[in-house]
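# Chains, contacts and geometry: an overview
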Amino acid sequence: MSIKGKTVADSKATLTVQMMPHHANPIGFVHGGVIMEQIDDAAAVTARRHSGFLAVTACVDRLVFQEPVKVGELLILHARLLRVGRTSMDIEVQVESEEPRTGQINQVASAFVTFVAKDENGASVAVPPLILKTKEEEELCRMAAERRRYYQQLNGKKK
């Protein structure tokens, strides 16, 4: 039985979360761990949309914080699929903050996250192939495959 492919657009996710005092340290900046959790949540939505299954985090790669986020700002996360394997999905998450009164948008963080689709018993399950429609999507997929090969070599794994 063949699984029907899906496009990058089919699984994109945007999450917006208001940052509250309980998300922050004593000087009013949001904890990095809170942002990391939101990155994981956004990537999980993308993985679920693509696979149709729950998915678990396998790897967080290249998480970079660029700007702090303050209490009261909106955290906006954009997640998109870059590449799929048999059961895994490589997802990019871009994080922005928005100051609601001014509309000022700042780039906050970015990360690459790998998820593995799981069935109701926790077994890995095959995911649909990714249909790439643009040159940018093809290039991002190629770069994601290179990252994967690099980390597999570091960990002593083949293919």
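So, here's what we can say about the structure.

## Focus: the overall build of the protein chain
- Assigned secondary structure in the protein chain consists of three helices and seven strands.
- Listed N to C, the secondary structure of the protein chain is β-α-β-α-β-β-β-β-β-α in terms of helices and strands.
- By its C-alpha atoms, the protein chain is 55 × 35 × 35 Å across when sized along the principal axes.
- In the protein chain, which comprises 159 residues, the proportion classed as buried is 40%.
- For the protein chain, the share of sequence-separated contacts (at least 6 apart) that also reach a separation of at least 24 residues comes to 73%.
- For the protein chain, the exposed surface amounts to about 9300 Å²; the carbon and sulfur share of it is 53%.
- Of the charged side chains in the protein chain, 21 are positive and 19 negative, and the gap between their average positions amounts to 8 Å.

## With respect to the sheet that holds strand E2 (residues 13–18)
- With antiparallel pairing, the five strands of this open sheet are ordered in space as E2-E4-E5-E6-E3. Two strands lie at the open edges of the sheet, namely E2 and strand E3 (54–65), each paired on one side alone. Here the strands of the sheet are splayed against their neighbours by 25 degrees on average, with no regard to which way each runs.
- Of the pairings in the sheet, the one linking strand E4 (residues 74–84) to strand E5 (residues 88–98) comprises 10 bridges and is antiparallel in character. Paired with Ala 79 across the two strands is Val 93, which belongs to E5.
- Along the sheet, helix H2 (residues 32–51) makes contact with E2, E3, E4, E5 and strand E6 (105–118), crossing E4 at roughly 45 degrees.

## Examining the environment of Asp 41
- Topologically, Asp 41 is positioned in helix H2.
- Accessibility expressed as a relative area gives 33% for Asp 41, which makes it partly exposed.
- Along the sequence, Asp 41 and Val 69 sit 28 residues apart, while their C-alpha atoms lie 18 Å from each other.

## Re the pattern of salt bridges
- Taken as a whole, this structure holds nine salt bridges when the rule is applied.
- Linking Arg 80 and Glu 136 is a salt bridge whose minimum nitrogen-to-oxygen distance equals 3.7 Å. One end of the pair, Arg 80, is in strand E4; the other, Glu 136, is in helix H3 (residues 135–154), and 56 residues separate them in sequence.
- Taking relative accessible area as the criterion, Arg 80 reaches 22% and is therefore assigned partly exposed.
- Ionic pairing is found between Glu 146 and Arg 142, a salt bridge with its closest N-O pair at 2.1 Å. One end of the pair is Glu 146 and the other is Arg 142, both in helix H3 and four residues apart, which spans about a single turn.
- Among the residues examined, Glu 146 registers a relative accessible area of 39% and is labelled partly exposed.
- Judged by its relative accessible area of 37%, Arg 142 falls in the partly exposed class.
- Within the structure, one salt-bridge network assembled from shared partners comprises Arg 80, Glu 92 and Glu 136.

Calculation criteria
- Residues numbered from 1 in each chain as written.
- Predicted model: local features only at pLDDT ≥ 70, side-chain atom pairs only at ≥ 80, totals over all residues.
- Heavy atoms only, no water.
- Helix = DSSP H or I, 4+ residues; strand = E, 2+ residues; numbered from the N terminus.
- Buried < 20%, exposed > 50% of the residue type's maximum accessible area, 1.4 Å probe, protein only.
- Contact = heavy atoms within 4.5 Å.
- Areas by Shrake-Rupley, 256 points an atom, 1.4 Å probe, with all protein chains shown as cover.
- Lys, Arg positive; Asp, Glu negative; His and termini not counted.
- Charge placed at Lys NZ, Arg CZ, Asp CG, Glu CD.
- Pairing = 2+ DSSP bridges.
- Axes fitted to C-alpha atoms, helices over the stretch in contact; angles between N-to-C directions.
- Salt bridge = Lys/Arg side-chain N within 4 Å of Asp/Glu carboxyl O.

Keep in mind these values describe shape, not function.
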